[in-house]
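# An overview of the molecular structure
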Amino acid sequence: MEGILSWLGIVYENTLFIYGLVLLLVYALLALLSMLAIRYYTRKDTQHQLDILASSPMAPGLTILAPAFNEGLTIISNVRSLLTLNYPRYEIIIINDGSTDNTMEQLIAEFNMVAVDFAYNARILTQPVRKIYKSTNPAYSSLLVIDKVNGKSKADAVNAGINIATFKYFVCTDVDCILHKDTLLELALPVMQEQKNRVIAVGATLRIANSSEFDEGVLIRMRPPRQLLPRFQEVEYIRSFVLGKMGWSYINCVPNVSGGLGLFDKEVATWCGGYDHSSFGEDMELLTRMCRYAHDNQINYAVRYIPKTLCWTEGPSSVKIFSRQRTRWARGLAQLMYAHFSMFMNPRYGKMGLIVFPFNFFFELLAPLIEFSGILIYIYLGVTGQVNWPYALLLLLFVYTYAVMITTISILWDQLSFGYYKKWWEVAYLCLTPFMEFLLYHPLIVFFSLRGYYYFLTGKKSTWGNMQRQGFGKKKK
Amino acid sequence: MSKILLVEDDEIMPKIVARILSSAEYELDHVSNGKEAFEKLETANYGYDLIITDIMMPYANGFEILSRVKSQPSPIPVIIVSNAGNEDMIMEGFKLGADDFLKKPIIPAELLIRVKRLLMKNK
Amino acid sequence: MFEISIPAFLDPVLNTFREAPLAIRLAMIFIIITVLVTLLAYFSILRSRFLGYQRRKRLDYLLPKIDNLIIDEIMAHPEVAAGTPASQIQLNLDGFGELPLHKKWARQATTDRIIHFRRNVRGNAGHLLRNLYIQLELSKDTMKQMKSSKWARKVRALTEFIDMDIPVADVTLLPLTNSRNRELRAAARHAYIKLSKNEPFKFFDVVTDPLLMWDQVELFRIITTTEDISIPNFARWITYSSNKSVVSFCLKLIIHYNQLPAVPAVIKLLDTKDHYLRADAINCLGKLKVPDVEDKLIAMYSSQPLQCQIEILKAIGRISSGKQVDFLKQEFLHSTNFDLRKAAAKSLVKNDWVASAVIQELLATANRENLLILKHCMNPLIKY
């Protein structure tokens, strides 16, 4: 018995050691790859290219899909800001997902909307569409509003929009997200500039809007969030987008295009059946299915990311709402891994099966479990006096400094290429955040993830339904 | 003296236009987005003789400005100056009642002629 | 041997290091490395922000001056308004002498500003801006950039030459048109079309790799905005090019220039085996409104894949000869495909100057779904 236990202990120790080492190496690699990707982006004269595209008659048409549920407070200014995006050829589809407030009435009144007889081919099954509205004012001719029965999910609402979308590509966003005015131009470029592959999705960096200044849906001034929890999220987003997604994009291994903003190939998305309304992480789920579909049908595909921040979203500022969000994300991840496990290490799925999926499995899904078990074992060993404290603390210090370094590097890439924020001390403020992340923020995420896995295993009914969005302008005066 | 409102978010274009439409003959007001344009129009009680506007601008685009201006009891003539190369967009502008369209880059003399012609017509 | 004095307080650290197993030793070394890298990152952030701040400050000071000079010397030049050709106008450069043009950044800023002006004005004033650029000898830096080993610099130099319309020798450009770097290759091709005085469209003959959507956007802009370029009959490449993307791009140019002499070549292209190309050809014929082609399109209709069928229906709507109403009605009533019925309905509506009776009849008799399609297509509020 003793022998087996100590043998197990050694196996665990070594596995963990290798696990940790690989994780550190992957992050070092991502730092390098993201640097190459961002450098390429900043070296080509992007601004000039955007100007050319904005004035070109050959720009591909884009459809913006923005679902809205009880957004009465901000809907008008947000639709207005969508109407003023720089792009020569696009339509905006707002999907009113059975709002119980006056969202629909406001839209009708403000934009002179009338119900029209609209014929479309519903390739994806959704909750019934009640009516479709168009504006009688030619100034708003690019606007279309769908009024549908509440489907209790963003997925169902967006699917209704995909059915009606005219153009070959759709840009999915949330009506409470604030977009950069060049968003559509930026997202269209990677599609047009890809050499051999068919680009099925493009994403861009998201940021937390909490303390930044907005005026009627237009960004005035970027600021790091003053409150600690949103500031942790800002730092996390910079790391995950600027360093993570850009690194993956460089080798065409992007695991997820965030639900806040993404461009998708409509044809492929429709063939896949659109978003899955039973998924808790519908954005990642759709992308995984699209990639899988592309592999199954011999389409050489690419998913690309842009380092520039194009979308600002309200990050939860209370632990309660934050916990719901992260629990949901973790549950979505567990669902996804379970549903598509046949891709794991499956050479048929190329990079998807051999890199993206294993990485997500080991370092996203398992990480919270491993960390948690590690802590338990440490406590056990500590209590029984088997820990060499100086060594343990040294290892901990190493992990700590490494984590801070990686985050700082991602802030550095962001600063070198875009120089966001007005004052240097705002950046310094941001740079201090990772020092606390390890002790305050990270444990929260581990805990909420475990809770998400638990809900997944027990199949707990979700309670958040439509409440997932906490509304953005609500605090705005 | 004719009062002209220029709505343009480029920083150089207003300087050029200010020089083309000399201050001896025209009173030129410049705003750089749709919101300011509406504010200016409201405070002046739509008392402009001509509006020169771009299409793609923050807050409210050229189409909205056109639609608002043309729904007034005495519509102000509007010239669109834009780099839009998409014909649909230009057609849209004319549908909304734009009186003229000039594609950027413009020929200064041409702008002057068109401005004069429109002002004459509406005198 | 080296004698390095080590402060006493580090002794316990050193002792730990000496006694520790390999993993711990590595960890200790890496702690030092990560701390150093983090500090370096802080330093770089500060440095880049400081440089950015300086740059902004300098430009805030300089740009208004440049703008005023350009406005005064070029825009307000009395002879420009009088219509004197730019080549005969003497520029007064005294004012520019006061700019710090001996500094590279100031030269760059002036160049960028001149380009910015040229994106807003053309004609005589545009030519004069070009003369200013040449007389201030701003192209010298750009010439140097062309010799740089970095692709991004070369691309920037080429873009500048394209914007300023400065001729570059073919011997310089041609090798770059085959560069392995996509951006550089594309920029060199654009420069060749814009700036080569020999045969700007020669590159259509030689290009073997597909033109990306983006390349087409840039080429289209350059071809349609270059003032003294002679536009060839694009049928030449429709007939002889084996590069599908070149053929497809030429179809778009034919539409833009409304090149009716190219129509026979486009009609011949209908026999191509490539579905996409055939769809493009049908689209082109529709947009050129070639009436004689309708019968041929209808004859081939039933054997076509969906995308070509849709294009045929659209083309008939665009041509709107009024002769094919029966065919459209047939398709609208009997096609099993939604997209085909919708395209047919749209084209019927576009033919309504002869088809209004048919449309009324259909409105009265169509089933629910077809009625909806018809109403959709007749509603002027709905664009697509």
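Residues numbered from 1 in each chain as written. Chains lettered and ligands numbered in written order. Predicted model: local features only at pLDDT ≥ 70, side-chain atom pairs only at ≥ 80, totals over all residues.

### What about the overall build of chain C?
The criterion, for reference: Each helix is a run of DSSP H or I of at least 4 residues and each strand a run of E of at least 2, with the numbering of both proceeding from the N terminus. Only C-alpha atoms enter the radius of gyration; for comparison, a globular chain is expected to reach 2.2 Å times N to the power 0.38, where N is the number of residues. Exposure in this text rests on C-beta crowding, where 20 or more other C-beta atoms within 10 Å of a residue's own make it buried, 12 or fewer make it exposed, and counts in between make it partly exposed. The C-beta atoms are placed from the backbone. Here contacts are defined at the residue level, using C-beta atoms placed from the backbone and a cut-off of 7 Å between them.
When helices and strands are tallied, chain C shows 22 helices and 0 strands. Whereas a compact globule of 384 residues would reach a radius of gyration of roughly 21 Å, chain C reaches 32 Å, over 25% beyond that. Overall size of chain C, expressed as C-alpha extent along the three principal axes, is 100 × 75 × 40 Å. Across the 384 residues of chain C, 31% fall into the buried class. Excluding contacts between residues fewer than 6 apart, the proportion of contacts in chain C whose partners are at least 24 apart in sequence is 65%.

### Description of the overall build of chain B
Helix and strand counts for chain B come out as 5 helices and 5 strands. Start at the N end of chain B and walk to the C end: the helices and strands fall as β-α-β-α-β-α-β-α-β-α. For chain B, whose C-alpha radius of gyration is 13 Å, the value lies close to the compact-globule estimate of 14 Å for 123 residues. Projected onto the principal axes, the alpha-carbon positions of chain B cover approximately 35 × 30 × 30 Å. Here chain B holds 123 residues, and 44% of them are scored as buried.

### So, helix α3 (residues 75-83) of chain A
Residues and elements named next belong to chain A. With respect to burial, α3 is a largely interior element, 7 of its 9 residues being buried. Inspection of α3 places Ile75, Asn78, Val79, Arg80, Ser81, Leu82 and Leu83 among the buried residues, and these make up the whole buried set. Each element contacted by the buried residues of α3 is listed here: β1 (62-68), β2 (90-97), α4 (103-110), β5 (143-148), β7 (178-179) and β10 (218-221).

### Notes on the interface of chain A and chain C
To be explicit about the condition: Residues are grouped as follows: Ala, Val, Leu, Ile, Met, Phe, Trp, Tyr, Cys and Pro are nonpolar; Asp, Glu, Lys and Arg are charged; every other residue, Gly included, is polar.
The interface is formed by 40 residues belonging to chain A together with 45 residues belonging to chain C. Counting residues per element, the ones that place at least two in the side of chain A that touches chain C are α2 (46-54), α6 (183-193), α12 (389-418) and α13 (424-458) of chain A. Top contributing element to the side of chain A that touches chain C by residue count: α12 of chain A, with 16 residues. Taken together, the residues of the side of chain A that touches chain C sort by class into 23 nonpolar, 12 polar and 5 charged.

### What to know about the interface of chain A and chain B
Tallying the contact residues gives 16 residues for chain A and 22 residues for chain B. For the side of chain A that touches chain B, the per-class residue count stands at 7 nonpolar, 6 polar and 3 charged.

### A closer look at the sheet that holds strand β3 (residues 50-53) of chain B
Residue and element names in this part refer to chain B. For clarity, the threshold we go by: Being paired, for any two strands, means DSSP has found at least two bridges between them. Here the axes come from fitting lines to C-alpha atoms, over the contacting stretch only for helices, and the angles between their N-to-C directions go from 0 to 180 degrees.
Within the open sheet, the 5 strands sit side by side as β2-β1-β3-β4-β5. Their pairing is parallel. Whereas interior strands pair on both sides, the edge strands pair on one side only; in this sheet they are β2 (26-31) and β5 (100-103). On average, adjacent strands in this sheet sit at an angle of 20 degrees to one another, irrespective of strand direction. Taken together, the 4 bridges between strand β4 (residues 78-82) and β5 define a ladder with parallel strand orientation. Bridging from a neighbouring strand, Ser82 pairs with Lys103 of β5.

### Details of the sheet that holds strand β6 (residues 169-173) of chain A
Residues and elements named next belong to chain A. Here 10 strands make up an open sheet; going across it, the order is β3-β4-β5-β2-β1-β6-β11-β8-β12-β7 and the pairing mixed. With one partner strand each, in any of the chains shown, β3 (113-116) and β7 form the two edges of the open sheet. Relative to β6, β1 runs parallel, the two being bridged by 4 bridges. Residue Ile64 lies in a different strand from β6, and its bridge partner there is Val171. The strands that helix α7 (residues 228-250) touches are β8 (198-208) and β12 (301-313); relative to β8, the one it contacts most, it runs at about 155 degrees. Across the sheet, helix α9 (residues 282-296) is in contact with β8, β11 (261-265) and β12; its angle to β8 comes to roughly 160 degrees.

### Observations concerning the environment of Asn122 of chain B
All names here are of chain B. By the element assignment, Asn122 lies in the segment after α5 (108-121). The spacing of Asn122 and Tyr48 is 74 residues in sequence and 12 Å in space, taken between C-alpha atoms. The contacts of Asn122, once residues within four sequence positions are left out, are Asp49 and Pro77.

### Considering the confidence of the model for chain C
Keep in mind that low pLDDT regions are not for reading the predicted coordinates in detail. Operational definition: Confidence per residue, as judged by the predictor, is encoded in pLDDT with a range of 0 to 100.
Averaged over every residue, the pLDDT of chain C is 91; residues scoring 70 or more account for 99%. In the predicted complex, the global pTM is 0.94; the interface-specific ipTM is 0.93.

### What about the nonpolar core?
Basically, it comes down to this: Any nonpolar core is a set of buried residues, restricted to Ala, Val, Leu, Ile, Met, Phe, Trp, Tyr and Cys, that join up through C-beta atoms within 7 Å.
Core analysis: the largest hydrophobic core is formed by 249 residues, its most contacted members being Leu65, Ala188 and Met290 of chain A together with Ala191, Ile238, Cys250 and Val266 of chain C. When residues no more than four places from it in sequence are discounted, the contact partners of Ala191 of chain C are Leu158, Phe161, Ile162, Val168 and Leu173 of chain C.

### So, the environment of Leu184 of chain A
Along the chain, Leu184 of chain A turns up in helix α6. Beyond its immediate stretch of four places on either side in the chain, Leu184 of chain A contacts Leu62, Leu85, Tyr87, Tyr90 and Val171 of chain A.

### Some details on the pairing of β2 of chain B
As judged from the 6 bridges shared by strand β1 (residues 2-7) of chain B and β2 of chain B, these two strands associate in the parallel manner. Counterpart to Lys3 of chain B in the pairing with β2 of chain B is Glu27 of chain B.

### With respect to the packing of helix α20 (residues 338-350) of chain C against helix α22 (residues 368-378) of chain C
Residues and elements named next belong to chain C. Put simply, the rule is: Working definition: roughly parallel below 35 degrees, roughly antiparallel above 145 degrees, roughly perpendicular at 65 to 115 degrees, and oblique for all remaining angles. Crossing handedness follows the turn of the near helix against the far one: under a right angle anticlockwise gives a left-handed crossing, and clockwise gives a right-handed one.
For the pair α20 and α22, interaxial distance at closest approach is 9 Å and the crossing angle is 45 degrees. Judged by the inter-axis angle, α20 sits oblique to α22. The handedness of the crossing between α20 and α22 comes out as right-handed. Taking contact as the criterion, the partners of Arg341, Lys342, Ala345, Lys346 and Val349 in α20 are, on α22, Asn370, Ile373, Leu374, Cys377 and Met378. Classifying every residue of the contact of α20 with α22 by side-chain character gives 6 nonpolar, 1 polar and 3 charged.

### Here's the deal with the environment of Val158 of chain A
Residues and elements named next belong to chain A. One can find Val158 in helix α5 (residues 154-164). Residue Val158 is classed as buried on the basis of its 33 C-beta neighbours within 10 Å. Distance from Val158 to Pro316, taken between C-alpha atoms, is 23 Å for residues 158 residues apart in sequence. Not counting residues within four places of it along the chain, the set of residues in contact with Val158 comprises Leu65, Pro67, Ile95, Cys172 and Tyr275.

### Focus on unusual backbone geometry
Along the chain, Lys104 of chain B connects to Pro105 of chain B via a cis peptide bond; the corresponding omega equals -5 degrees. Mapping Pro105 of chain B onto the fold places it in the loop between β5 and α5. Here the phi dihedral of Asn70 of chain A falls at roughly 50 degrees; this positive angle occurs in a residue that is not glycine. Relative to the helices and strands, Asn70 of chain A is located in the loop between β1 and α3. With 19 C-beta atoms counted inside 10 Å, the residue Asn70 of chain A sits in the partly exposed group. With phi around 55 degrees, Tyr46 of chain B is a residue other than glycine that occupies positive phi space. For Tyr46 of chain B, the location among the structural elements is in the loop between α2 (34-43) and β3. A tally of 17 C-beta atoms within 10 Å means that Tyr46 of chain B is categorised as partly exposed.

### Overview of the pairing of strand β4 (residues 129-135) of chain A
In the case of a regular strand, side chains alternate between the two sheet surfaces. All names here are of chain A. Sheet topology places β3 next to β4; 4 bridges connect them, and they run antiparallel. Bridging across to β4, Ala115 finds its partner in Tyr133. In terms of strand pairing, β4 meets β5 through 5 bridges, oriented antiparallel. Pairing of Lys134 across the sheet is with Leu144, part of β5.

### Focus on the confidence of the model for chain B
Model confidence for chain B is summarised by a mean pLDDT of 91, while 100% of its residues fall at 70 or above. No element of chain B has a lower mean pLDDT than helix α4 (residues 87-95) of chain B, which averages 90, and none a higher one than β3 of chain B, which averages 96.

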